[in-house]
There are 2 protein chains.
Amino acid sequence: MQNAEARFNKNSLLLTLRRYSLAVSDMEQTILLPSLLRDVPADEVWDSDVAEESCGDLYGNYLMLKTIRNTVESGLVTLDDHKAKTNKTLETLVDTDPEALFHFHLRGLFSVMSDLTKKSRSVTEKYMDIIRVTN
Amino acid sequence: MQNAEARFNKNSLLLTLRRYSLAVSDMEQTILLPSLLRDVPADEVWDSDVAEESCGDLYGNYLMLKTIRNTVESGLVTLDDHKAKTNKTLETLVDTDPEALFHFHLRGLFSVMSDLTKKSRSVTEKYMDIIRVTN
């Protein structure tokens, strides 16, 4: 398992997760007064109107990004959780071919983690802008 | 990053990927004559008729499980690959809420890796049965 471990440490999924974790840590360390993000619209952070509605202000985004980071770092999905919720819709989509399902979720996880990393950096930058304006 | 690294090493996603890698290694070490799996129907390995049709015989499953293991271990999805194929259908399904998308793919990856681990063990057992019958 030593070689396998070395390979896992180099692999892109782990790097993507680490990159996200680092972006959220930077965000936390930079944003000393998270309450300044309250009621600041998140329009420049989120691409979609739908996401904007569901996430509300930048403070909401800040909290969400931290929650996801905690999930990524400390426990991810518990066994009960992921067993309970099978993705029936998805299974139909990919014709229950396990190889297609594997690639589908792997690509999806990469994609969403990359987006969330960008969003963390964006919240950090937005906070810096707010600080500059108020000082 | 030291703490984060320690946490990543403990997390369930990594364990799930490692467990799969180990199951495929066991399969490889046990199956000294993979050609014995040719034309053996995979009915006891795959739950679904659809999957059975697409994967063919046990030899096909054996090759597929090894290919996925290589992807898991050595490179995963390349940046170009996952950028090129965005999951538009899925984005509609989860209303482009990044938190929901994250949990969706994380659960999905857990689920499919657990299934593939079982399938690897099943191919190994089936091979053992074949060996027992022929000797």
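Before reading further, recall that the structure is shown in the block above.
For every chain, the first residue of the written sequence is number 1, and numbering continues from 1 onward in sequence order. As a convention, the first chain written is A and the first ligand written is 1, with the rest following in written order. Reporting of local features is limited, given that this is a predicted model, to residues whose pLDDT is at least 70; pairs of side-chain atoms are given and counted only at 80 or more, and all residues count toward the totals for whole chains, interfaces and linings. The side-chain values count all of the structure's non-hydrogen atoms but skip hydrogen atoms and water molecules.

A.B. asks: Tell me about the overall build of chain A, residues and numbers included.
C.D. replies: Elements are defined by DSSP. Helices are runs of H or I of four residues or more, strands are runs of E of two residues or more, and each kind is numbered from the N terminus. Each helix and strand counted, chain A has 7 helices and 0 strands in total. Listing the helices and strands of chain A from first to last along the sequence gives α-α-α-α-α-α-α. By the burial criterion, 47% of the 135 residues in chain A qualify as buried. The contacts in chain A between residues at least 6 apart in sequence include a share of 71% that link residues at least 24 apart. Residue-level accessible areas treat just the shown protein chains as cover; the underlying method is Shrake-Rupley with a 1.4 Å probe. Counting only carbon and sulfur atoms, one obtains 50% of the accessible surface of chain A, whose full area is about 6,900 Å². Only protein chains enter the calculation, and the probe is 1.4 Å; a residue is then buried if its accessible area is under 20% of its type maximum, exposed if over 50%, and partly exposed in between. Contact between two residues is taken to exist if any of their heavy atoms lie within 4.5 Å; hydrogens are not considered.

A.B. asks: Any details on unusual backbone geometry? Residues and values, ideally.
C.D. replies: All names here are of chain A. The phi torsion at D39 lies on the positive side, around 65°, for a residue other than glycine. By the element assignment, D39 lies in the loop between α2 (12-30) and α3 (49-55). Note on D39: relative accessible area 69%, which makes it exposed.

A.B. asks: Could you give an account of the packing of aromatic side chains, with specific residues and numbers?
C.D. replies: Residue and element names in this part refer to chain A. The aromatic pairing rule takes the rings of Phe, Tyr and Trp, using the six-membered ring of Trp, and pairs them if the centres are within 6.5 Å, calling planes under 30 degrees apart stacked, those over 60 edge-to-face and the rest tilted. Within the structure shown, the criterion is met by 2 aromatic pairs over all chains. Consider the rings of Y59 and Y62, whose centres lie 6.3 Å apart with planes at 20°: the pair is stacked. In this pair, Y59 and Y62 both sit in helix α4 (residues 58-75), 3 residues apart, roughly one turn of the helix. The exposure class of Y62 is buried, given its relative accessible area of 5%.

A.B. asks: So, helix α7 (residues 98-134) of chain A: which residues are in play, and what are the values?
C.D. replies: Expected span, for any helix, means 1.5 Å times one less than how many residues it has. Relative to the 54 Å expected for 37 residues at 1.5 Å per residue, α7 of chain A spans 53 Å between its end C-alpha atoms, a close match to the ideal helical length. Any N or O atom pair separated by 3.5 Å or less is treated as a polar contact, with the protein-specific requirement of one donor-capable and one acceptor-capable atom, and with residues adjacent in sequence counted only for side-chain atom pairs. Two or three places before E99 of chain A, at the opening of α7 of chain A, D97 of chain A has a side-chain oxygen 3.1 Å from that residue's backbone nitrogen.

A.B. asks: Requested: an account of the pattern of salt bridges, with residues and values cited.
C.D. replies: One speaks of a salt bridge when a side-chain nitrogen belonging to Lys or Arg is within 4 Å of a carboxyl oxygen belonging to Asp or Glu. Following the criterion strictly, the structure yields 6 salt bridges over all chains and no others. Among the salt bridges present, the one from E28 of chain A reaches K66 of chain A, with a minimum N-O distance of 3.3 Å. Taken together, the residues span a long stretch of sequence, with E28 of chain A in helix α2 and K66 of chain A in helix α4 at a distance of 38 residues. Since its relative accessible area comes to 28%, E28 of chain A is described here as partly exposed. The exposure class of K66 of chain A is partly exposed, given its relative accessible area of 23%. Linking E28 of chain B and R69 of chain B is a salt bridge whose minimum nitrogen-to-oxygen distance equals 3.0 Å. Taken as a pair, E28 of chain B in helix α2 (residues 12-30) and R69 of chain B in helix α4 (residues 58-75) lie far apart in primary sequence, 41 residues in all. Overall, the relative accessible area of 9% leaves R69 of chain B in the buried class. When salt bridges with common partners are traced through the structure, they connect E28, K66 and R69 of chain A into a single cluster.

A.B. asks: Explain α2 of chain A residue by residue, including any values.
C.D. replies: Its 19 residues place the ends of α2 of chain A 27 Å apart at the C-alpha level, agreeing with the 27 Å of an ideal helix rising 1.5 Å per residue. Taken residue by residue, α2 of chain A has L13, L14, T16, L17, R18, Y20, S21, A23, V24 and M27 of chain A as its buried positions.

A.B. asks: Could you give an account of the environment of P41 of chain A, naming the residues involved and the relevant values?
C.D. replies: All names here are of chain A. Inspection of the secondary structure assignment puts P41 in the loop between α2 and α3. A relative accessible area of 46% means that P41 is categorised as partly exposed. Considering only alpha carbons, one finds P41 and G56, 15 residues apart in sequence, at a separation of 7.0 Å. Here P41 is in contact with L58 and K126, once residues within four sequence places are set aside.

These figures come from the coordinates and say nothing about function on their own.
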